[in-house]
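So you can see what is in the structure, the chains are spelled out below.
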Amino acid sequence: MHDSETRPLRVMFLLTSMPIGGAETLLVNMVRKMDRNRCIPMIACLKEKGVLGEEISSEVEVFDQLIHHKFDFSVVGRLKKIFVQNQVDAVVTIGAGDKMFWGRIAARRAKVPVILSALHSTGWPDGVGRLNRFLTGITDGFIAVARQHADFQIREEGFPQDKVFLIPNGIDTEHFQFLESARLDWRKQLGIDLSAPTVGIVAALRPEKNHDLFLNAAQLVKSQMPDSQFIIAGDGPERQRLEKLAQQTKLHSSVKFIGSTKDVRGVLCACDLFALTSRNEASPVSIMEALACSRPVVATDVGSVDESVIEGETGFLVSSDDSQAMAQSWLTILGDASLRQKLGRQGRQHIVRSSSLESMTRNYVELIETLYDRKSRTPDPIDGTVSWTYESPLDRSISSSI
């Protein structure tokens, strides 16, 4: 642990913006949990703050509007100035793309002791490009959010194994739990009968989230369960097209597009079943939140989803292009109340046991402190090397499961 007698480490988290989304919500929750005696968090957004950025700005310092266009090389100077003026000890970039690239270059130029990159998905559109791989040498660590995600970073992205650290996503299981009052409120607000079988999805309306699969499955379910209802929470560039598609498939009266919402728990409680139809994922926070609310989950078998959606125990997995299988899984769960309750109960137990917000926050702080202490030590006068040992979250996770 970092020496408690010294000042707390100042940590800058860097991302593009902070709309309501999985990685952004995760960051807000973690920042709020951090022990200010050990770590002072700050946030930098290359673009606008976004809804969550505005919300958290009353609690921590948030910088924004740092990049003006795609090829704005002067962003490096702006970031460097912020890092130096705020005596930043560690920079953690969130996600791939420009923030990962510019953030690490600026951190290097500002001589920030610890440089980390946290990745929350695999493959397009968040793959790590050639330029970002080129900066591997100046990066102290790459944070993966699930075991298979860590394997992916080593095998597919080519990151050195000793630089990949597994810190599983964690959620506030005290907040995310089923509330009958929330179910009643949201059903009333959306005009959904209390007895109507209801499936929900919470995901940004972007191509990789594959909402077409959700709507195709909904159409198949509707033909067998005429009173079924469907909630789509989230916003994005695909919204207009998806709303038009819902109208063309005669689902418009059964599908509720509610946009982004801060009350994700309420939406989840209003559903009997949660679905995620993504083409690629790492460890989706929305699935963990749904399971914590005792909602069974049917999801596409991509990334590390099978570490939370355990076949037949917390839900079902289907291929990312199989609307028939998706629909059949929905029908199986919606048509069997005892199965639905069993999957929901086991889902919550699994999340409470494996995905706490406290453990995720602790692992982030310990990793940053350990890397900072290593790089701050005086080299051995004989051979110029620093001797140190660190049990990474990846090692700890593996050893604890044996």
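This one's a predicted model, so the numbers in the text were calculated from it and none came from an experiment. (Residues numbered from 1 in each chain as written. Predicted model: local features only at pLDDT ≥ 70, side-chain atom pairs only at ≥ 80, totals over all residues. Heavy atoms only, no water.)

S.K.: Got a minute to help me understand the packing of helix α12 (residues 323–334) against helix α13 (residues 337–354) in this structure?
M.R.: In a packed pair of helices, the relevant descriptors are the angle between the two axes and the axis-to-axis distance. Two elements in contact, α12 and α13, have axes whose closest approach is 6 Å; the angle formed by their N-to-C orientations is 100°. Considering the angle they form, α12 stands roughly perpendicular to α13. From α12, T332, I333 and L334 reach across to α13, where they touch L339, R340 and L343. Counted by class, the contact of α12 with α13 contains four nonpolar, one polar and one charged residues. (Axes fitted to C-alpha atoms, helices over the stretch in contact; angles between N-to-C directions. Helix = DSSP H or I, 4+ residues; strand = E, 2+ residues; numbered from the N terminus. Parallel < 35°, antiparallel > 145°, perpendicular 65-115°, else oblique. Contact = heavy atoms within 4.5 Å. Nonpolar A, V, L, I, M, F, W, Y, C, P; charged D, E, K, R; others polar.)

S.K.: Hey, could you run me through the confidence of the model for the protein in this one?
M.R.: A low pLDDT means the predicted coordinates there should not be read in detail. The predicted model of the protein has a mean per-residue pLDDT of 90, with 91% of residues at 70 or higher. Across residues 380–393, where pLDDT falls below 50, the model places 23 contacts with residues more than four positions away in sequence or in other chains. Predicted confidence is poor over residues 395–402, with pLDDT under 50, and the contacts of this stretch with residues over four places away or in other chains come to nine contacts. (pLDDT = per-residue confidence, 0-100.)

S.K.: Can you walk me through the sheet that holds strand β10 (residues 255–259) in this structure?
M.R.: In sheet architecture, strand pairing relies on hydrogen bonds along the backbone and comes in two forms, parallel and antiparallel. Read across the open sheet, the six strands follow the order β10-β9-β8-β11-β12-β13; overall the sheet is parallel. With one partner strand each, in any of the chains shown, β10 and β13 (315–318) form the two edges of the open sheet. With direction set aside, neighbouring strand axes in the sheet form an average angle of 20°. Taken together, the four bridges between strand β9 (residues 229–233) and β10 define a ladder with parallel strand orientation. Residue pairing in the sheet places F230 in a bridge with V255 of β10. (Pairing = 2+ DSSP bridges.)

S.K.: Sorry if this is basic, but what is going on with helix α1 (residues 22–33) here?
M.R.: Think of an α-helix as turning once every 3.6 residues; residues three or four places apart then point the same way. For α1, which comprises 12 residues, the first-to-last C-alpha distance of 17 Å matches the rise-based estimate of 16 Å (1.5 Å per residue) to within 8%. Every buried residue of α1 is listed here: E24, L26, L27, V28, N29, M30 and V31. (Expected span 1.5 Å × (residues − 1). Buried < 20%, exposed > 50% of the residue type's maximum accessible area, 1.4 Å probe, protein only.)

S.K.: What is the right way to look at the sheet that holds strand β3 (residues 62–63) in this model?
M.R.: Pairing within the open sheet is parallel, and its seven strands lie in the order β3-β2-β1-β4-β5-β6-β7. Each end of this open sheet is capped by a strand with a single partner; those strands are β3 and β7 (164–166). In this structure, strand β1 (residues 9–15) lies alongside strand β2 (residues 39–45), joined through seven bridges in parallel fashion. Bridge pairing links L14 to A44 in β2.

S.K.: Just to check I follow, could you spell out helix α11 (residues 285–292) for this structure?
M.R.: In terms of burial, α11 is a largely internal element, eight of the eight residues being buried. The inward-facing, buried residues of α11 abut α1, β8 (198–202), α10 (264–270), β11 (273–276), β12 (297–300) and α13. S294 sits one or two positions beyond α11 and adopts a positive phi of about 65°.

S.K.: Which parts of the structure should I look at to understand the environment of T198?
M.R.: Mapped onto the secondary structure, T198 falls in strand β8. If we skip the residues at most four places from it in the chain, T198 touches R187, I192, Q229, I231, A270, C271, D272, L273 and L334. There is a polar contact of 2.9 Å between the side chain of T198 and the backbone oxygen of A196. (Polar contact = N/O pair within 3.5 Å; in protein donor to acceptor, adjacent residues only side chain to side chain.)

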